[in-house]
Amino acid sequence: MRAAKAGTEDTPGTLFLVSTPIGNLGDMSHRAVEVLSSAALVIAEDTRHSRRLLDHYGIRTPVSSYHEHNEAKETPRLISRLRAGDSIALVSDAGTPLISDPGSRLVAAALEANLPIVPIPGPSAVMAALVGSGLPLDRFTFFGFLPRKGRERAEIIAEIVDSSATVALFEAANRVAATLEALVEAGAGARHAVVARELTKQFEEFRRGTVGELASVYSKGDPKGEVVLMIGRADEREVSKSDLESEAAKLRASGKSPREVMDHLVSTLGASRNAAYRIAHHSET
Ligand code: SAM
């Protein structure tokens, strides 16, 4: 293993990118403990939070703060320390640094300065969620947190609807219903979806259904805790216009109103609202 020993002017220190648990302390790796113990400095988003984690493992290394509000100022200082031979370990509050967390600027600066970078792999919410999802993982795309509104959000939603890879994204619990609803509106209502919640913790849960079904579940109440949302790829469960028309005809024959037909076509078969409206009303005649 590359040791995190103090170097010299001739041997620069290493920047270690260390993954830490996302809820279950048992997920900390031996290597993470060794590297954090032997580094000259640990840099962390929230020093108090990370101090508690380090104390749990008896790690005495000093901790200083590194987050989006001080990274521009701190990066040159950290690069100087690495150049002088000190190894530095970056951690985030939970999971893998740089995955929707700070660190990209420091890694870019370290590369620019020709300094060694070593990832210490371990927990990450996105990987745990995908692996437990049951969705195909030969190809997947991670979108991080979606923008909350505006054109960029609409463009990303459209990209998800067209994606031929499984999609994973982070979402605040109170935004899950709105995002699922936006996907239904954009025509992805019939796609498989999985909401992974409280991974590695006591109330870990994977809830599976179509995007439409889960939109309906969470419209009645937000999930609790931390959430990763995943959507199956676009080539799954494609439904043709004639399939939609024959389904609408059956529903009409069983006495469903045009409104009920439309809702079913959107949430269960993944039709866009416009197409579902046209088909639901056309089958009236
Ligand atoms: N870098 C972290 C990682 O690799 O897991 C992710 C950091 S990001 C700022 C935090 C988001 O990750 C949360 O809002 C949630 O979407 C997801 N997350 C973190 N821990 C989780 C958990 N235990 N269960 C489900 N989602 C989690």
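Scroll up to find the structure this text is about.
The model shown is predicted, which means the values in this text are computed figures rather than measured ones. (Residues numbered from 1 in each chain as written. Predicted model: local features only at pLDDT ≥ 70, side-chain atom pairs only at ≥ 80, totals over all residues. Heavy atoms only, no water.)

Student: What should I look at first to understand the overall build of the protein in this one?
Tutor: Along its length, the protein carries eleven helices and ten strands. Compactness check: the protein gives a C-alpha radius of gyration of 24 Å against a globular reference of 19 Å for 285 residues, more than 25% above the reference. Across its three principal directions, the C-alpha atoms of the protein cover 85 × 40 × 30 Å. Within the protein, the proportion of its 285 residues that are buried is 44%. (Helix = DSSP H or I, 4+ residues; strand = E, 2+ residues; numbered from the N terminus. Rg over C-alpha atoms; globule rule 2.2 N^0.38 Å. Buried < 20%, exposed > 50% of the residue type's maximum accessible area, 1.4 Å probe, protein only.)

Student: Would you explain the sheet that holds strand β6 (residues 140–145) in this entry?
Tutor: Each strand in a sheet pairs with another by means of backbone hydrogen bonds, the pair being arranged parallel or else antiparallel. One open sheet holds the five strands; their spatial order is β6-β7-β10-β8-β9, and the pairing between them is mixed. Each having just a single partner strand, β6 and β9 (205–210) make up the two edges of the open sheet. In this sheet, adjacent strand axes meet at a mean angle of 20° when their direction is disregarded. Note: strand β8 (residues 192–197) against strand β10 (residues 227–231), five bridges, orientation antiparallel. Across the sheet, A196 pairs through a bridge with V228, a residue of β10. (Pairing = 2+ DSSP bridges. Axes fitted to C-alpha atoms, helices over the stretch in contact; angles between N-to-C directions.)

Student: Could you clarify how one ought to interpret the sheet that holds strand β1 (residues 15–18) in this entry?
Tutor: Strand order in the open sheet formed by five strands is β3-β2-β4-β1-β5, with parallel pairing between adjacent strands. Both edges of this open sheet fall to β3 (63–65) and β5 (117–120), since each of them pairs with a single strand only. Pairs of neighbouring strands in the sheet enclose a mean axial angle of 25°, with direction left out of account. Relative to β3, strand β2 (residues 41–44) runs parallel, the two sharing three bridges. Counted as the bridge partner of V42 is V63 from β3. This element, helix α1 (residues 30–38), spans β1, β2, β4 (88–91) and β5 of the sheet and lies at about 135° to β5. (Contact = heavy atoms within 4.5 Å.)

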